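# Structure assessment
Below are the chains, spelled out letter by letter.
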Amino acid sequence: MKHLLVLVLSALTASVVFAQPYTADRHLARKVPCQACHVTGDTSVPVRKENCLVCHQSYEVVAQKTKDLKPNPHFNHYGERDCATCHFGHKPSVTSCNQCHKFDLKTP
């Protein structure tokens, strides 16, 4: 019974983190403050790739983390795109590749 309770609580905790609708909500659920991304304090301006890479290390590291996706959105014919091309902090993100293609990718 104790193992079942631990399993259920773990699943609920994971679902709270992954069920966040927007990128900003996912970051807040992981205890990342707004100022970590909005370094100037202006939340009306999209966060640039340079700010994302302070925590996410490099575009190559991000591409490695998504290597099992087909296709890998971070290894594409455009090269290193700005993260805000697809990932929006305070509204639903998009798969910008689908402007020309029809990929079945979910963009967090």
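Here the structure is shown first, and the text comes after it.
Parameters at a glance
Residues numbered from 1 in each chain as written. Predicted model: local features only at pLDDT ≥ 70, side-chain atom pairs only at ≥ 80, totals over all residues. Heavy atoms only, no water. Salt bridge = Lys/Arg side-chain N within 4 Å of Asp/Glu carboxyl O. Helix = DSSP H or I, 4+ residues; strand = E, 2+ residues; numbered from the N terminus. Buried < 20%, exposed > 50% of the residue type's maximum accessible area, 1.4 Å probe, protein only. Polar contact = N/O pair within 3.5 Å; in protein donor to acceptor, adjacent residues only side chain to side chain. Contact = heavy atoms within 4.5 Å.

## What about the pattern of salt bridges?
Counting across every chain of the model gives three salt bridges. Close ionic contact of Lys-49 with Glu-80 constitutes a salt bridge, the shortest N to O distance being 3.4 Å. Here Lys-49, found in helix 4 (residues 49-56), pairs with Glu-80, found in the segment after helix 5 (59-65); they are 31 residues apart in sequence, far enough to count as distant. By relative accessible area, which is 13% here, Lys-49 ends up buried. With a closest N to O distance of 3.9 Å, Lys-67 and Asp-68 form a salt bridge. Residue Asp-68 is classed as exposed on the basis of its relative accessible area of 63%.

## What about the side chain of Thr-95?
Among the structural elements, Thr-95 can be located in the segment after helix 5. At 3.3 Å, the side chain of Thr-95 and the backbone oxygen of Leu-105 are in polar contact. In this view, Thr-95 contacts Leu-105 and Thr-107; residues no more than four positions away in its chain are not counted.

Without other data, these values stay purely geometric and don't point to any function.
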